[in-house]
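Structure at a glance
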Amino acid sequence: MSVPVIATRGYVAGYERDLPIVKGIDFTLAKGEFVAIFGPNGAGKSTFVKAIAGVVPCFGGTVELDGADITGHKPHEILKRGMAFVPQTENIFTTLTIRENLQLASQPLPRERQTGAIERMFEMFPDLARQSGRLAGALSGGQRQMLAAARALLLEPSVLVLDEPSAGLSPKLVSDVFATLKEISQSGVTILLVEQNVRAALRIVERGVVLVDGQLRYDASAQELIDHPNLGALFLGAEGAHA
Amino acid sequence: MNPQVLIDGLISGSMIGLGAIGLTLVYSILRFPNFAHGELITWGAYFAMSVAALLGGLVAGATAPLGPFSFGWGLIVAAVVAMGLTAVLALALDTVLFKLFRQRQSVMIIVVMASFGASMALRSLLEFIYTARPGYFTRELQIAMPLGGGMRATPDQLLALAMTGVLVVAVHLLLTRTPTGRAMRAVSENPGLAGLFGVDVDKVIRTVWILGAALACAAGIIAGLLVQIRPYMGFDLLLPLFAAAILGGIGSVPGAILGGLIVGLGEALAVQFVGAQWRAGVAFFILIAILLVRPTGIFGRQA
Amino acid sequence: MSPELVAYGAFFLTMALTYAIVCLGLNVQWGQTGLFNVGIAAFVAVGAYGSAILTTPDTADRIGGFGLPLFAGWAGGAALAALLAFLIGWLTIRLRADYLAITTFGVSVTVQLAALNLTSLTGGPFGISFIPRPFGDLAGNALAFSLANLAIVAGVVLVTYLILERLVRSPWGRVLRAIREDEVAAQALGKSPKWLRIQAFTLGGAIMGLAGAVQAHFIGFIAPENYLPMITFQVWAMLIVGGSGNNRGAILGAILVWALWALSGQLIEATFPAGSQARAASLRLVVIGVALCVILLWRPQGILREVRTLSRHAIKGK
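Remember, it's a predicted structure, so these values are computed and weren't measured experimentally.

Attention shifts here to the overall build of chain C. A tally of regular secondary structure across chain C gives 13 helices and 0 strands. Listing every helix and strand of chain C by position from the N terminus yields α-α-α-α-α-α-α-α-α-α-α-α-α. Since a compact globule built from 318 residues should have a radius of gyration of about 20 Å, the 20 Å found for chain C is in line with a globular shape. Judged by the C-alpha coordinates and their principal axes, chain C covers about 60 × 45 × 35 Å. Taking all 318 residues of chain C together, 47% fall into the buried category. Once local pairs closer than 6 in sequence are excluded, the contacts in chain C between residues at least 24 apart make up 78%.

Set out below in structure tokens:
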């Protein structure tokens with residue numbers, strides 16, 4: 001079996017050492033997979049992905065990216081190793097223009113490749129290209145998510161991690177965002193996302209894991225999760241109210 | 001009105017503006033008003049004075065006046081060295097103090113207090129080393145040249161104005177046109193997100209300290225050249241610096257220099273119409289006025 | 001013990017206790033409410049000058065000199081400082097926490113300037129002398145005079161302490177702490193954090209003004225150089241050493257820091273030749289500055305903690 005893209009072992013993380021939110025998680029993500037993390041509010045889903053991305057401190061266990069230990073690394077180092085993380089909110093710079101956002105994101109690349117990478121994103125998201133000189137703060141919610149995705153994809157990461165990309169969007173925009181993610185996944189990018197929108201997400205992902213109280217409770221294929229009667233009653237039913 | 005007020009105000013305003021740029025950059029990117037910024041100005045001036053004195057002692061002719069100016073090439077070399085030394089001081093202060101608060105995620109006001117304590121320690125240390133006796137870069141006296149319209153200025157003063165202009169334009173271009181400046185603006189808006197965009201936030205913070213310290217040093221050297229060098233020179237400038245930075249809008253380089261010029265002109269007007277002893281109160285009244293009317297400053301973003 | 005030593009001890013303790021009053025005032029602002037005041041010297045000065053102008057006998061070269069009784073002076077000094085604190089609080093507390101710091105710094109510069117230059121009111125650089133001293137008729141007997149003054153200042157400290165302790169435990173004090181710890185939640189309870197903060201800042205300013213008045217009458221003479229920014233540093237060091245949020249800590253810190261200050265002053269006098277004493281004194285300020293930073297880093301809660309459990313939010317950002 002090839003080396004997993006992400007592998008955590010006994011992973012503990014949170015905002016304060018004596019109050020961990022993620023309480024020992026073993027999780028692997030294989031190359032090319034498209035996986036969603038579900039769980040009730042306060043289960044530690046967001047904290048888990050933020051900690052993997054280096055935003056929240058890790059207090060125990062390890063996380064590997066493509067076989068290399070990245071535990072405790074800084075966000076910009078983790079990004080350079082191939083993991084791009086898109087936070088749920090405040091995921092673009094509102095006081096920079098769209099082009100400046102992408103320019104900033106391209107700075108880790110060698111100088112001669114920066115312009116090409118930005119142009120490629122503008123081809124992928126023509127909406128952004130049309131208003132490249134506007135301040136990102138003037139964009140609508142859906143456009144912001146597009147810009148956030150574009151800047152994350154710009155470095156051609158080996159894995160894309162998203163924290164609730166559908167939060168706060170209208171149903172039409174949610175399906176747009178999910179369709180875009182599906183395309184990105186089909187182009188070969190490994191994707192891990194945190195979602196509250198369980199039923200919609202299960203239609204596009206291949207596998208789902210469920211976190212409860214900072215621990216991994218369930219790990220199954222999307223089909224299994226859809227078919228699972230108990231899980232539906234126990235968890236998806238309750239979460240379904242949010243969807 | 002005596003038109004000389006305009007020249008006097010521009011000259012002291014450009015000193016205030018230079019100091020305020022460093023202050024406003026640190027304020028917006030490290031997110032705290034650094035009460036020790038005045039000490040960077042003072043230390044910068046003392047560094048330059050010491051290096052210049054050393055050069056003057058070692059190399060004959062280092063202090064011989066250059067052209068119409070009152071100082072020799074020794075001071076120019078000393079200025080460059082002093083900017084480097086002031087930057088090292090700022091980085092050292094960050095390492096032993098401010099960085100630790102960042103790591104602990106302390107609330108901002110604790111950091112402000114620490115900067116207040118650091119300002120006291122740094123200022124008193126200078127007083128201990130150099131005593132409170134004022135120092136001078138040069139003993140040369142300069143004749144003010146007529147500029148027309150009843151205004152006069154010494155060559156040193158004109159050079160100070162020109163240097164300020166060059167430095168301000170350079171910093172403005174750095175911020176708006178270069179990748180470093182883009183990264184600085186990004187960290188200023190959201191340091192956490194900047195890291196996720198691949199920005200090395202620690203490196204940006206170092207850059208800000210180096211830039212702010214070098215500008216503070218330049219302000220200190222100009223103040224030392226035009227007035228005198230005292231352990232309290234930077235501390236006495238602190239209120240005008242804050243007034244200028246808030247007046248211009250925190251984080252705005254053109255705002256800081258404009259704010260500095262307004263405070264400088266206000267001081268010059270006060271000296272002429274109210275009396276020199278009230279000069280130090282002008283910055284306070286400008287500060288109160290701006291907080292009443294437009295707390296975000298001229299170029300500030302609405303919070 | 002010789003009477004001289006007792007008199008000196010009483011004198012020292014009385015000075016320390018006047019600082020303890022300032023410290024109690026700062027504790028209302030910082031310890032209870034989280035408001036950062038960099039202009040303590042200004043509020044102390046306003047109280048001192050206010051009381052001095054009200055109580056000194058009429059003089060030819062100065063406006064004022066109303067010859068009012070001591071307690072009227074104390075009350076007037078406190079009221080003037082409260083007014084200043086209210087205006088500053090009203091202006092800045094609605095804005096940002098850091099603007100309050102910068103503005104109070106500006107106030108300290110400006111009050112210093114006014115004390116120096118409003119000669120017809122403040123006596124300018126020479127200040128105001130012949131401020132009536134409590135128990136002035138005992139001045140012939142150093143011991144009795146010192147002890148009587150110690151008693152009256154200790155009484156002021158005690159009364160201030162008891163009032164503040166009551167306030168801390170009152171609904172008002174609880175809401176203050178609630179907004180310090182979690183502004184949003186307090187707002188949800190229908191409390192206006194800004195107004196409460198302004199009240200606390202004003203109360204703290206009044207206490208500082210009272211302290212300035214008490215101190216001025218104890219010394220009998222005031223001048224602008226008594227109110228340099230150094231006082232602000234000293235009082236901050238006192239509160240931080242003693243423990244912010246804790247009124248007993250504020251008093252203890254004041255006595256402790258004042259003792260260290262006085263002792264190090266004597267040490268410098270004894271060890272350094274007259275010519276280099278000013279230099280040595282500046283080294284003492286370096287130590288205070290460094291100590292302030294070290295305490296903030298190492299033990300931001302001070303020697304005595306706040307009586308109730310201190311929320312993490314008071315130290316750490318969210």
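Moving on from the model shown.
Quick look at the sheet that holds strand E2 (residues 22-29) of chain A now. Residues and elements named next belong to chain A. On the basis of which strands lie adjacent, the open sheet formed by 4 strands has the order E2-E1-E4-E5 and antiparallel pairing. Only two strands of the sheet have a single partner each, and these edge strands are E2 and strand E5 (68-69). Strands in contact with helix H1 (residues 45-52) are strand E1 (6-13), E2 and strand E4 (58-65); relative to E1, the strand with the most contacts, it is inclined by about 115°.

In this section: the nonpolar core. Core analysis: the biggest nonpolar cluster contains 275 residues, and A:Val161, B:Ala48, C:Ala20, C:Ile21 and C:Cys23 have the highest contact counts within it. In terms of residues, this core owes the most to one element, helix H8 (residues 201-226) of chain B, which gives 16 residues.

So, about the interface of chain B and chain A. Listed as interface residues are 15 residues of chain B and, on the opposing side, 22 residues of chain A. Put simply, the parts of the chain that give the side of chain B that touches chain A at least two residues each are helix H6 (179-189) and helix H7 (191-196) of chain B. Here the side of chain B that touches chain A gets 6 residues from one element, more than from any other, and that element is H6(B). When grouped by side-chain class, the residues that make up the side of chain B that touches chain A number 7 nonpolar, 4 polar and 4 charged.

The next point concerns the packing of helix H1 (residues 4-29) of chain B against helix H9 (residues 233-248) of chain B. Residues and elements named next belong to chain B. Interhelical geometry of H1 versus H9 gives an angle of 65° and a closest axis separation of 8 Å. On the basis of the axis angle, H1 is roughly perpendicular to H9. Note on packing geometry: the crossing formed by H1 with H9 is right-handed. Residues Ile16, Gly17, Gly19, Ala20, Leu23, Thr24 and Tyr27 of H1 form the contact with H9, whose own contacting residues are Leu237, Pro240, Leu241, Ala244, Ala245 and Gly248. Classifying every residue of the contact of H1 with H9 gives 9 nonpolar, 4 polar and no charged.

Another aspect to go through is the interface of chain B and chain C. Across the boundary between the two partners, chain B contributes 37 residues, which contact 35 residues of chain C. When contributions to the side of chain B that touches chain C are tallied by element, the ones reaching two or more residues are helix H3 (73-104), helix H4 (108-130), H9 and helix H11 (282-293) of chain B. Classifying every residue of the side of chain B that touches chain C by side-chain character gives 28 nonpolar, 7 polar and 2 charged.

Right, let's talk about the environment of C:Leu138 for a bit. Position of C:Leu138 relative to the elements: it lies in the loop between helix H5 (119-122) and helix H6 (142-169). If near-sequence neighbours (up to four positions away) are discounted, C:Leu138 is found in contact with C:Ala144, C:Phe145 and C:Ala148.

Our next topic: the confidence of the model for chain C. All names here are of chain C. Residues with a pLDDT of 70 or more make up 92% of chain C, whose mean pLDDT is 86. Confidence drops under pLDDT 50 across residues 308-318; counting only partners more than four residues distant or on other chains, this segment forms 17 contacts. Predicted complex metrics record ipTM = 0.90 and pTM = 0.89.

Bringing the pairing of E4(A) into the picture now. Residues and elements named next belong to chain A. Pairing of E1 with E4 involves 6 bridges; the strand directions are antiparallel. Counted as the bridge partner of valine 12 is glycine 60 from E4. Summarising the sheet, E4 and E5 pair through 2 bridges and their orientation is antiparallel. Among the inter-strand pairings, leucine 65 is bridged to a residue of E5, identified as alanine 68. Counted between consecutive antiparallel strands, the loop separating E4 from E5 contains 2 residues, among which aspartate 66 sits at a positive phi close to 50°.

How each quantity is defined
- Residues numbered from 1 in each chain as written.
- Chains lettered and ligands numbered in written order.
- Predicted model: local features only at pLDDT ≥ 70, side-chain atom pairs only at ≥ 80, totals over all residues.
- Helix = DSSP H or I, 4+ residues; strand = E, 2+ residues; numbered from the N terminus.
- Rg over C-alpha atoms; globule rule 2.2 N^0.38 Å.
- Buried ≥ 20, exposed ≤ 12 C-beta atoms within 10 Å, placed from the backbone.
- Contact = placed C-beta atoms within 7 Å.
- Pairing = 2+ DSSP bridges.
- Axes fitted to C-alpha atoms, helices over the stretch in contact; angles between N-to-C directions.
- Core = buried A, V, L, I, M, F, W, Y, C linked by C-beta atoms within 7 Å.
- Nonpolar A, V, L, I, M, F, W, Y, C, P; charged D, E, K, R; others polar.
- Parallel < 35°, antiparallel > 145°, perpendicular 65-115°, else oblique.
- Left-handed = near helix turned anticlockwise from the far one by under 90°.
- pLDDT = per-residue confidence, 0-100.

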